[in-house]
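If you want the building blocks of each chain, they are given just below.
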Amino acid sequence: MLTQLTCDLAMTRRRWLAATAGLVLGLAASSPFSPAQAAEDTIKVGILHSLSGTMAISETTLKDTVLFLIDEQNKKGGVLGKKLEAVVVDPASNWPLFAEKARELITKDKVAVVFGCWTSVSRKSVLPVFKELNNILFYPVQYEGEESERNVFYTGAAPNQQAIPAVDYLMKDEKVKRWVLAGTDYVYPRTTNKILEAYLKSKGVKQEDIMINYTPFGHSDWQTIVADIKKFGSAGKKTAVVSTINGDANVPFYKELGNQGIKATDIPVVAFSVGEEELAGIDTKPLVGHLAAWNYFESIKTPANEKFIKDWQAYTKNPKRVTNDPMEAHVIGFNMWVKAVEKVKSTDPDKVIDALPGIEAPNLTGGVSKMLPNHHITKPVFIGEIKGNGQFDVVWKTPGLVAGDAWSKELDGSKDLIGDWVDKKCGNYNVKTNKCGGQGS
Amino acid sequence: MFVSCLDRLRALFLSILLLGSVTLPAFAGSFEDSVAKFANDEFSDTEEAVGEIAASGNPLAFPIISALQDGRLSADPETKKVFITGADDKVIDAATGTAVNKLPDGTAPVRLNNRLRRTVEAALGGLTLLSPDPAKRLAAAQSVFKSHEESALATVESALANEANKATKQAFAEARAAIILFKPDASENDKLEAIAVIKARGDQEAMALLTSLGADQPPLVAKAAAGAISSIQSNLATWSAVQNAWYGISLGSVLLLAAIGLAITFGVMGVINMAHGEMVMLGAYTTFVVQEVIRTRYPGLFDYSLLIAVPLAFLVAGGIGVLIERGIIRFLYGRPLETLLATWGLSLVLQQAVRTVFGPTNREVGNPSWMSGAFDLGQITITYNRLWILCFTLAVFAILLAMLRYTSLGLEMRAVTQNRRMAASMGIATSRVDALTFGLGSGIAGIAGVALSQIDNVSPNLGQSYIIDSFMVVVFGGVGNLWGTLVGAFTLGIANKFLEPVAGAVLGKIAILVLIILFIQKRPRGLFALKGRAVEA
């Protein structure tokens, strides 16, 4: 209720700001490229990431990443002999504004493709726009799955590419028997925890050994919950915390863990939303040994990754600028889009959408990711331990690449569904009844 | 004399171990091989090496394993040589103990994972049980209590017999009890005694130990263990109520700190200041800048960074507050809706300005050493940062109260808010007092930012998360009354923390809001309504 209240208030005030401050002060970034100046011989690429509001903390970096990728591509001569031109808009962490800005990008700026969104609710908000106007969205963030849309390409991890391997690692390597599933109260943690709960039970974990806890957005007083975790962990069985706590709430959570003396050797925390960017704001010494599961870590030593980090730091003129998993997802997605466009020699969305499945692009960790018929990609999964310098030390990885499942095999409602846009032309095809249109979509 | 006795004991212990290694020549010969295993960069090899080295009795065992724990042990994968970097940056060869000039190129620190860290901790526990430093012995005893390795029993018993320090002796007795409890061939009587010792310890770790005891125990032991568990549980339940109360007071102090500035600008002046949260944020960023300067220029002053930041944050936020009052708010007195919109827009401008200057990501504000960690009071854990914030909040409150009561500025402020025209007739420069009052409220919000930077993240959004709570506290406590703000903050904090374990964090917060709405229906002016002629409309 509080969140609702603040959200509603926030929306009115953001509109108000967009109307006044945006014009007068030029602080709220509107498109720096006005359509009138656009020359005919460029291909426009839309960037739909929040540059103000609560999500700016995560999304600003992704905007810079796409700008960097476009810059690199243009140095190589662009695509189809044309230069790429970025169109940046600021949806200001305001979900309805995402839809408005997406519409503006497609109808007014006539972009060929959009890279954007972070939260699931922002993706859901722009979905109808992309369907109606038939354009392409590359979505770079790990998410809860249970979705496969014709116009969306999911380059982040599905639950089976992040959450399930992480739990497997804890079960096998750390011999964890008791589980705390702690998350922020919204759709991604709720769905992920539902999948994890079903998965743990299928592995013989009893209900009394699972504790599920939700907290509001931006929760900052973790004393009670950390004390509860401590208590839950003193039942004589090895305990771990699986954290889907989002964004800013992580810093006070980890600070409280450190202060109450919970060390990674006693109760390890494996997080799905904490990466290099988030750790840049914390003193990581008390966190050494806590875990994160991602498809990419900055510390992974491959020639491709070292080159990427060097070029990125040179581009941003900041030798300390870190890289993270959603950035790599944009790198893969961007290269896949370029390949698909060059394959069909057109930026027509219908042709590119049909060409994308099967396209391969190297990821930064030494493998080659492939776009699947369900519009998800294959990715390796890494488990990293937090080091004292804010980076991760990879302690485990999957033997090969893991194919992303659009629909979770652990949930009753979705285990028979697949997404297949190549043969079946359907995002939720039921393999039991052989019909398109199961649940969802 | 006590030390020399211990030293002799340690020598004796080492010689016994050395004797053992003489009778087992395979061990003595393989020490170098064991050390070389660190260079394989495989967790399983490192684990084996730790076990073998801990058991070898070699005088280098302790330096090697403690270096491994601190990340000072590095290995060359080519030559299989392993090196220890000492605290004074001197490098020695781990296998032979000879000094080396510098680390050869290509060496990398030996990596650890959580399982290995536990192994290392247990091994170090075994090796430092006879350390001359009582703090190390205490830590060793505690790590043995957790690992309860049977091999440590003899050492623990001899250490127990020679220990003079009371707390350490107690820890050794508990460690011994833990080992005996898990020793398969211990007699029933010994086990019952062990359970009594662990029961007396009575904390969560004791309970964890007892619950992890297998089911295959003699009936008497199993019964005693079950009895001990239930007694510890009921003891812990009492403590958990105390703990909730402490958490409530601590949350209340944070609420009070965030709201106290608003109690001036909104409560006393009647300005609906939506940019209040941003003043808090500016205070937090001031702390960040102060710490940055200290880190680069005067690293020795780091522990004083907060003390330096407090007056600076007051000046920065207060100064901006005065500017806001002079530049915007004074034209809007008596027009609450416009004030609300203007300050709201201002809050966004400030947020975006900070985002442009400092970047959108969190900034790291470190905890000085005196604000890190926790101590145990009975069975509850009290973290230093929360304790200091409570003290700080009460101090700020007392100073503010004294200021309003005993200084001429305070007198003028009260006069102006009670009756502006009368105050003006008495020769008070009301517009100057308005600016100073708003500056004071903003400055106190800035001070709050210094404290909140210690428990929350320093990002442009910091203020947003406190603005709603601050208004809630001021309205609930009674507008225009500082004491109301104090009582309101602590009431809400404690109520929240008692609801949270029952209803969960999300529902708990909703319940608090519903209760406040009902309360405001009943008493629209809050807990402590201002009597008499109130603030001018």
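Criteria and cut-off values
- Residues numbered from 1 in each chain as written.
- Chains lettered and ligands numbered in written order.
- Predicted model: local features only at pLDDT ≥ 70, side-chain atom pairs only at ≥ 80, totals over all residues.
- Helix = DSSP H or I, 4+ residues; strand = E, 2+ residues; numbered from the N terminus.
- Expected span 1.5 Å × (residues − 1).
- Bend = angle between axes of the 7 residues up to and from the residue.
- Axes fitted to C-alpha atoms, helices over the stretch in contact; angles between N-to-C directions.
- Left-handed = near helix turned anticlockwise from the far one by under 90°.
- Contact = placed C-beta atoms within 7 Å.
- Nonpolar A, V, L, I, M, F, W, Y, C, P; charged D, E, K, R; others polar.
- Buried ≥ 20, exposed ≤ 12 C-beta atoms within 10 Å, placed from the backbone.
- Pairing = 2+ DSSP bridges.

*Asks:* When you look at helix 13 (residues 305–327) of chain B in this model, what are you seeing that I'm missing?
*Replies:* The α-helix winds at 3.6 residues per turn, so residues separated by three or four positions along the chain end up facing the same way. With 23 residues, helix 13 of chain B ought to run about 33 Å at 1.5 Å a step, and its terminal C-alpha atoms sit 32 Å apart, in line with that. Where helix 13 of chain B bends most, the angle comes to about 25°, and this point is Pro311 of chain B.

*Asks:* I would appreciate a short explanation of the packing of helix 4 (residues 61–70) of chain B against helix 5 (residues 114–128) of chain B in the present structure.
*Replies:* When two helices pack together, you describe them by how their axes are tilted relative to each other and by the distance separating the axes. Residues and elements named next belong to chain B. Interhelical geometry of helix 4 versus helix 5 gives an angle of 145° and a closest axis separation of 10 Å. Along this stretch, helix 4 crosses helix 5, giving a crossing that reads as left-handed. On helix 5, the residues touching Ala61, Phe62, Ile65, Ser66, Leu68 and Gln69 of helix 4 are Val120, Ala123, Leu124 and Leu127. Considered class by class, the residues forming the contact of helix 4 with helix 5 number 8 nonpolar, 2 polar and no charged.

*Asks:* I'm lost on the environment of Gly116 of chain A in this one. Help?
*Replies:* All names here are of chain A. Along the chain, the position of Gly116 falls in strand 3 (residues 113–116). Of the residues examined, Gly116 has 28 C-beta atoms within 10 Å and is grouped as buried. As for Gly116 and Leu62, which are separated by 54 residues in sequence, their C-alpha atoms are 8.1 Å apart. Setting aside its immediate chain neighbours within four residues, Gly116 contacts Ile47, Leu48, His49 and Leu137.

*Asks:* Quick question: what am I supposed to make of the sheet that holds strand 4 (residues 137–139) of chain A here?
*Replies:* Adjacent strands of a sheet form backbone hydrogen bonds with each other and so pair up, either parallel or antiparallel. Residue and element names in this part refer to chain A. Read from one edge to the other, the open sheet built from 5 strands follows the order 2-1-3-4-5, with strand pairing classed as parallel. Each of the sheet's edge strands pairs with one partner strand only, and the pair in question is strand 2 (83–89) and strand 5 (152–154). Across the sheet, the mean angle from the axis of one strand to that of its neighbour is 25°, orientation sign disregarded. In terms of strand pairing, strand 1 (residues 42–48) meets strand 2 through 7 bridges, oriented parallel. If you follow Ile43 over to strand 2, its bridge partner there is Leu84. Strands strand 1, strand 2 and strand 3 of the sheet are contacted by helix 3 (residues 95–108), whose axis makes an angle of about 180° with strand 1.

*Asks:* Teacher, can you tell me more about the sheet that holds strand 3 (residues 91–93) of chain B here?
*Replies:* Residues and elements named next belong to chain B. The antiparallel open sheet is built from 5 strands, whose spatial order is 4-3-2-1-5. Strand pairing shows two members of the sheet lacking a second neighbour, strand 4 (99–100) and strand 5 (108–109), which therefore form its edges. Judged from the 2 bridges that link them, strand 3 and strand 4 form a sheet pairing that is antiparallel. Counted as the bridge partner of Ile92 is Ala99 from strand 4.

None of this, on its own, says anything about what the molecule does.
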